[in-house]
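# A look at the structure
These are the residues of each chain, in order.
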Number of protein chains: 2
Amino acid sequence: MKFTTETSTDGVIERDFLMDDVTGVLWTPESPSEFEDEGAPLVLMGHSGGLDKRSPGLVARALDLVARHGFSVAAVDAPGHGDRPRNEQDRRWVDAMFRAREAGESIVPIVTEYNASLAERAVPEWRAVIDELQALPAIGQDAPIGYGGMTLGTAIGLLLTAADPRIRAASFGSVLVYDDLTEAAGRITVPVQFLLAWDDPEIPRETGLALFDAFASPKKTLHANPGRHGQTPWHEIESTTAFYRRNLTPLTPR
Amino acid sequence: MKFTTETSTDGVIERDFLMDDVTGVLWTPESPSEFEDEGAPLVLMGHSGGLDKRSPGLVARALDLVARHGFSVAAVDAPGHGDRPRNEQDRRWVDAMFRAREAGESIVPIVTEYNASLAERAVPEWRAVIDELQALPAIGQDAPIGYGGMTLGTAIGLLLTAADPRIRAASFGSVLVYDDLTEAAGRITVPVQFLLAWDDPEIPRETGLALFDAFASPKKTLHANPGRHGQTPWHEIESTTAFYRRNLTPLTPR
């Protein structure tokens, strides 16, 4: 892992990094936090489909967690997203998606296939990034690790959380569900939060409820709100922070 | 409204009151809070079926809201609950419930009928109690009013919130649904939180999801957690507090 930029604003150090061809960003608090001894929690954030590691919503959530709560946050671009060139197969999927949309056809089968391929490729990348992050003095081996992401970020996160025992709590949200995701949910036992868009024209409510039901986690919590995905109200961001705090920090829960 | 006792512990003044034959309790903060000018928010708490105004869970939530957040909280006994004698018809329902349970039969039809009767009687009582509370200097006409309650407390609260525009935000939870409740939800437009027990052997999940769907409120949020009703995790109590704070206080939401 190679750091390519470093800036510092309002108590937050932001560093771009490159690991092989994976582009990412790491936000850490400038001053030691309340977690000094145990290692501040690290949250891995997965962006949604078509967005990237610096989409405004992701950055807002990251800065809030770092500046107000002393966490560290890392985000990477999914294959073919953000600063990473799109390969030919991915280009074909994206083109097919646009064509289907223009023709007024459902994009669901294409997005599902595309997401499945991206998720499969992203999991080993994330695992290697975790290895490197844990080797940094600013993070360390003891930092409790959480994951958060919606749509594509959920598809990737479900497979990653099912595969990597270092992830100790995860926040997911509205996603096009396919069998591998339901199967992964059934293998996840760490605490899970699931944010469901109650009136999403593209993702049927029932598939989200069934996915939530599939998690094997004894501690799981579903939060549903009106609107479509991408319209998560800010109070759920606060809920997500509370979720990470109670599951990733040594604070005694009430 | 006549106060019959007054004690003060850990910054909270607790007063029993009697209004006609309705027994209740009012908790207010001992010292003026951050809300001094606007009037501290008042939360009306409805107890669950078979419990009363001093059930431990209700008292814990009330003391937390008053001591930590400067709110006022009022609770009343439902007809035939707590300090209020049960009339003959209610006794017949309770007896029928016990007989059905012993015979291994469903208590749902009996509880539904009993709850419907209790809710119908409780609404005018609550409305009269609100009149009296608003006349107290410790509360005042400007105090924003919220409601919270599960099961029977939800049945009563749904009818009350639909009927009384003074209630500006309400937290409900798992309840045996009957038509009048769904109809009331359809007339409710204030912000609503709904706490759903995901695996309740007595209350089918689907009826809770349908009730949440029926609320006309543009701001509504569903929180589902494993377990049966009565097993709401403490983090949802924190969520409820955040819900009241963002909907009943002048704090600018982010």
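I will try to describe carefully the structure that is included in this document. Within every chain, residues take consecutive numbers counted from 1 along the sequence as written. Each chain is given a letter, starting from A, and each ligand a number, starting from 1, according to the order in which they appear as written. Two thresholds apply to this predicted model, a pLDDT of at least 70 for residue-level local features and 80 or more for giving and counting side-chain atom pairs, whereas whole-chain, interface and lining totals are computed over all residues. Derived side-chain values reflect all non-hydrogen atoms in the structure, with water molecules and hydrogen atoms excluded from consideration.

Taken as rigid bodies, chain A and chain B are interconverted by a rotation of 180° and an axial shift of 0.0 Å, the fit giving an RMSD of 0.0 Å. Expressed as an axis order, the relation between the two copies is that of a two-fold axis. Distance from the rotation axis, computed per C-alpha, reaches its smallest value in chain A at His223 of chain A: 2.3 Å. Between two residues, a contact is recorded if the distance between any of their heavy atoms is within 4.5 Å. In this assembly the copies share their binding face: 100% of the residues contributing to the interface of chain A also contribute to that of chain B. Here the copies are matched by least squares. The fit uses the C-alpha atoms of residues with pLDDT of at least 70 in both.

Further remarks concern the interface of chain A and chain B. Reports of interface size often rely on the accessible area that becomes lost once the parts have come together. Taken residue by residue, the interface counts 22 residues in chain A and 22 residues in chain B. By convention, the term buried area covers the 1.4 Å-probe accessible surface removed from two parts as they join, with the contributions of both added. Taken together, the two surfaces of chain A and chain B that pack against each other cover about 1,800 Å², and 54% of this comes from carbon and sulfur. Put simply, a salt bridge is a Lys or Arg side-chain nitrogen that is within 4 Å of an Asp or Glu carboxyl oxygen. Here chain A is connected to chain B by two salt bridges. With a closest N to O distance of 3.2 Å, Arg205 of chain B and Asp213 of chain A form a salt bridge. Polar contacts, as counted here, are pairs of nitrogen or oxygen atoms within 3.5 Å of one another; within protein the pair requires one atom able to donate a hydrogen and one able to accept it, and residues that are adjacent in sequence qualify only if both atoms are side-chain atoms. Taken together, the links from chain A to chain B amount to 13 residue pairs in polar contact (both at pLDDT 80 or more). A per-class count over the side of chain A that touches chain B returns eight nonpolar, five polar and nine charged. Note: two strands are recorded as paired if DSSP finds a minimum of 2 bridges between them. Each helix corresponds to a stretch of at least 4 residues labelled H or I by DSSP, and each strand to a stretch of at least 2 residues labelled E; elements are numbered beginning at the N terminus. Of the strand pairs in this sheet, strand E9 (residues 220-225) of chain A and strand E9 (residues 220-225) of chain B are connected by three bridges, and their pairing is antiparallel. Bridge pairing links His223 of chain A to His223 of chain B in E9 of chain B. Here the nonpolar group is Ala, Val, Leu, Ile, Met, Phe, Trp, Tyr, Cys and Pro; Asp, Glu, Lys and Arg are the charged ones; every other residue, Gly included, is treated as polar.

This brings us to the nonpolar core. In plain words, nonpolar cores are sets of buried Ala, Val, Leu, Ile, Met, Phe, Trp, Tyr and Cys residues tied together by side-chain atoms within 4.5 Å. Residue burial is assigned from relative accessible area. The probe radius is 1.4 Å, only protein chains are included, and a residue is buried under 20% of its type maximum, exposed over 50%, and partly exposed in between. Counting 120 residues, the largest nonpolar core has Leu44 and Phe215 of chain A together with Leu44 and Phe215 of chain B as its most contacted members. When residues no more than four places from it in sequence are discounted, the contact partners of Leu44 of chain B are Ala74, Trp126, Ile130, Leu133, Ile145, Gly146, Tyr147, Gly148, Leu160 and Ile167 of chain B.

Next up on the list: the pattern of salt bridges. Residue and element names in this part refer to chain B. What the rule picks out here adds up to 34 salt bridges over all chains. The salt bridge partner of Asp131 is Arg166, with a shortest N-O separation of 2.6 Å. Residue Asp131 is located in helix H3 (residues 108-134), and its partner Arg166 is located in the loop between helix H4 (152-163) and strand E7 (167-173); the two are separated by 35 residues in the primary sequence. By relative accessible area, which is 43% here, Asp131 ends up partly exposed.

With that settled, the discussion passes to the packing of aromatic side chains. A pair of aromatic rings is counted whenever rings of Phe, Tyr or Trp (Trp by its six-membered ring) have centres within 6.5 Å, and the orientation is called stacked for planes under 30 degrees apart, edge-to-face for over 60 and tilted otherwise. A full pass over the atoms with the stated rule returns 16 aromatic pairs over all chains. With 6.2 Å between their ring centres and 80° between their planes, Trp126 of chain B and Tyr147 of chain B make a pair best called edge-to-face. Here Tyr147 of chain B lies in strand E6 (residues 145-149) and Trp126 of chain B lies in helix H3, a separation of 21 residues in the sequence. Between Tyr147 of chain B and Phe172 of chain B, the ring centres sit 6.3 Å apart and the planes meet at 40°, which makes this aromatic pair tilted. You can see Tyr147 of chain B sitting in strand E6 and its partner Phe172 of chain B sitting in strand E7, a full 25 residues away along the chain. Judged by relative accessible area, which is 0%, Tyr147 of chain B ranks as buried. For Phe172 of chain B, a relative accessible area of 0% gives the class buried. Grouped by ring-pair contacts, the aromatic residues Trp126, Tyr147, Phe172, Phe194 and Phe215 of chain A constitute a single cluster. Charges are assigned to positions over rings by a cutoff of 6 Å between ring centre and Lys NZ or Arg CZ, combined with an angular limit of 35 degrees from the ring normal. One Lys or Arg, Arg15 of chain B, reaches over the ring of Phe3 of chain B and ends 4.4 Å from the middle of that ring.

This brings us to unusual backbone geometry. Residues and elements named next belong to chain A. Even without being glycine, Asp10 reaches a positive phi, approximately 50°. When its relative accessible area of 72% is taken as the criterion, Asp10 is described as exposed. One non-glycine residue, Thr151, lies in positive phi territory at about 45°. In this fold, Thr151 is placed in the loop between strand E6 (145-149) and helix H4 (152-163).

Residue and element names in this part refer to chain B. By definition here, a helix of n residues has an expected span of 1.5 Å times n minus one. The end-to-end C-alpha separation of helix H1 (residues 56-69) is 19 Å, in line with the 20 Å expected for 14 residues at 1.5 Å each. Among the residues of H1, Leu58, Val59, Ala62, Asp64, Leu65, Val66 and His69 are the ones counted as buried. Next to the buried residues of H1 lie strand E2 (12-19), strand E3 (22-29), strand E4 (42-46), strand E5 (72-76) and helix H7 (234-248). One or two positions beyond H1, positive phi appears at Gly70, with a value near 75°.

Turning next to helix H7 (residues 234-248) of chain A. Residue and element names in this part refer to chain A. Relative to the 21 Å expected for 15 residues at 1.5 Å per residue, H7 spans 21 Å between its end C-alpha atoms, a close match to the ideal helical length. Summarising burial for H7: 11 of the 15 residues are buried, a large majority. Along H7, the positions that sit buried rather than exposed are His235, Glu236, Ile237, Ser239, Thr240, Thr241, Phe243, Tyr244, Arg245, Asn247 and Leu248.

Right, let's talk about the environment of Val25 of chain B for a bit. Residue and element names in this part refer to chain B. Looking at where Val25 falls in the secondary structure, it is placed in strand E3. Separated by 118 residues in sequence, Val25 and Ala143 have C-alpha atoms that sit 18 Å apart. When near neighbours in sequence (up to four residues on either side) are disregarded, Val25 contacts Glu14, Arg15, Asp16, Phe17, Lys53, Arg54, Val73, Ala74 and Ala75.

All names here are of chain A. Working convention: axes come from line fits to C-alpha atoms, limited for helices to the stretch in contact. Angles between N-to-C directions cover 0 to 180 degrees. Put simply, helix H1 (residues 56-69) and H7 touch, their axes get as near as 11 Å, and they point 50° apart. It follows that H1 is oblique to H7 by the angle criterion. In the packing of H1 onto H7, the handedness of the crossing is right-handed. Only Trp234, Ile237, Glu238, Thr241, Tyr244 and Arg245 of H7 make contact with H1, whose side of the interface consists of Ala60, Arg61, Asp64, Leu65, Arg68 and His69. Here is the rule for angles: anything less than 35 degrees is roughly parallel, anything more than 145 is roughly antiparallel, 65 through 115 is roughly perpendicular, and the remaining ranges are oblique. Working rule for handedness: look at the near helix, and if it is turned counterclockwise from the far one by less than a right angle, call the crossing left-handed; if clockwise, right-handed.

Residue and element names in this part refer to chain A. Strand E7 (residues 167-173) sits mainly inside the fold: six of its seven residues count as buried. Bridge analysis of E6 against E7 gives four bridges, and the strand direction is parallel. The residue bridging Gly148 from the neighbouring strand is Ser171, located in E7. Crossover E7 to strand E8 (residues 192-197) through helix H5 (residues 179-187) is right-handed. Orienting the strands away from the viewer, one traces the path from the first strand over the helix to the second; a clockwise path indicates a right-handed crossover.

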